[in-house]
Amino acid sequence: MHTDARIAVIYYSATGTVHRLAQAFVDGAADAGAEVRLRRVAELAPEHVIDAKPQWRAHLDATGDIPVATLDDLRWANGYAFGTPTRFGNICSQLRQFLDTTTGPWQAEELADKPATGFTASYEEHGGQEATLLSLYQTFHHWGSIILPTGYLNYDTAHVAGGNPYGVSQVESRASRDPEYARAVLETACFQGARLTRMAAALAAARADSKLG
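Note that residues are indexed from 1 along each chain, following the sequence as it is written. Local features in this predicted model are restricted to residues whose pLDDT is 70 or higher, and side-chain atom pairs enter the listing and the counts only when it is 80 or higher, whereas totals over whole chains, interfaces and linings include all residues. The side-chain quantities take in all heavy atoms of the structure and omit both hydrogens and water.

### Regarding the side chain of Ser 145
Logical step 1: Following the sequence through the fold, Ser 145 ends up in the loop between helix 7 (129-143) and strand 5 (146-147).
Logical step 2: Polar contact criterion, stated in full: a pair of N or O atoms within 3.5 Å, where within protein one must be able to donate a hydrogen and the other to accept it, and residues adjacent in sequence count only if both atoms are side-chain atoms. In this structure the side chain of Ser 145 is engaged in a polar contact, spanning 3.1 Å, whose partner is the backbone oxygen of Leu 111.
Logical step 3: Leave out the neighbours within four places in its chain, and Ser 145 touches Leu 111, Ala 112, Asp 113, Lys 114, Ala 116 and Phe 140. Strands here mean DSSP runs of E at least two residues long; helices mean DSSP runs of H or I at least four residues long; both are numbered from the N terminus. Pairs of residues are marked as contacts when any of their non-hydrogen atoms sit within 4.5 Å.

### Description of helix 3 (residues 54-62)
Logical step 1: Of the residues making up helix 3, those classed as buried are Trp 56, Arg 57, His 59 and Leu 60. Looking straight down helix 3, one finds that the buried residues subtend no more than 165° of arc, so they occupy a single side. Turned more than 90 degrees off the buried face of helix 3, the exposed positions are Pro 54, Gln 55, Asp 61 and Ala 62.
Logical step 2: Looking at the buried positions of helix 3, the neighbouring elements they touch are helix 1 (17-31), strand 2 (35-40) and helix 2 (47-51). Accessible area is worked out with a 1.4 Å probe on protein chains only. A residue is then buried under 20% of its type maximum, exposed over 50%, and partly exposed in between. In this context, the arc is that of the directions from the helix axis out to the C-beta atoms.

### Regarding the UniProt feature "domain: Flavodoxin-like" (unreviewed entry) in the chain
Logical step 1: UniProt positions are given in the numbering used here, feature names are shortened, and annotations may be inferred rather than shown by experiment. Feature annotation in UniProt assigns "domain: Flavodoxin-like" (unreviewed entry) to the following positions: residues 7-186.
Logical step 2: With 44% helix and 18% strand, the stretch residues 7-186 has end C-alpha atoms that lie 18 Å from each other.

### Quick look at unusual backbone geometry
Logical step 1: The phi dihedral of Asp 113 falls on the positive side, at around 60°, and the residue is not glycine.
Logical step 2: By the element assignment, Asp 113 lies in the loop between helix 6 (103-107) and strand 4 (115-122).
Logical step 3: Asp 113 sits in the partly exposed class, given a relative accessible area of 46%.
Logical step 4: At Asn 154, a residue that is not glycine, the phi angle is positive and equals roughly 50°.
Logical step 5: Checked against the element boundaries, Asn 154 lands in the loop between strand 5 and helix 8 (155-160).

Right under this line is the structure:
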């Protein structure tokens with residue numbers, strides 16, 4: 001199956017949790033017919049801080065072949081999925097730094113009228129997931145994007161995954177002891193990636209029709 005959807009999955013992950021969610025989004029979007037770019041944002045933490053946490057260093061080395069996101073990835077895509085761990089109820093500084101460079105394409109209206117969704121993870125059950133997603137969506141408001149929350153579609157799986165209607169999210173402390181929950185979160189991410197693809201394709205077709213008309 002092929003669509004006109006071009007999906008950019010852009011994320012930051014220190015130790016791998018958000019990376020796994022990003023890959024599930026990629027799989028869902030690709031299975032739905034999208035052309036997909038998986039991109040990580042640049043690491044900002046000093047080397048000595050990373051080296052002090054072996055899991056952080058190991059994940060950074062293991063994903064070093066994933067290209068770093070650029071503004072051209074945003075211009076190319078007609079649908080976005082952004083992933084970030086929670087940082088005191090907000091998005092991480094690495095993703096924030098990338099978003100803060102988007103003034104040019106924003107002013108050129110190259111980010112408008114494109115569907116965008118977010119995903120996140122925290123260690124604790126109440127680690128700020130909803131606040132983080134809502135903070136991320138403020139940027140989409142300014143871009144003029146079309147925010148695509150998870151809602152309660154695919155409810156049985158979404159319920160097992162925690163029932164977050166704002167976006168896909170994972171509680172790492174729960175995932176480590178509950179395999180069914182961990183699988184449901186990844187399935188929800190895959191489902192949302194496919195849904196993002198369908199929305200991006202529909203909007204691309206609508207734009208093409210309006211130009212023809």
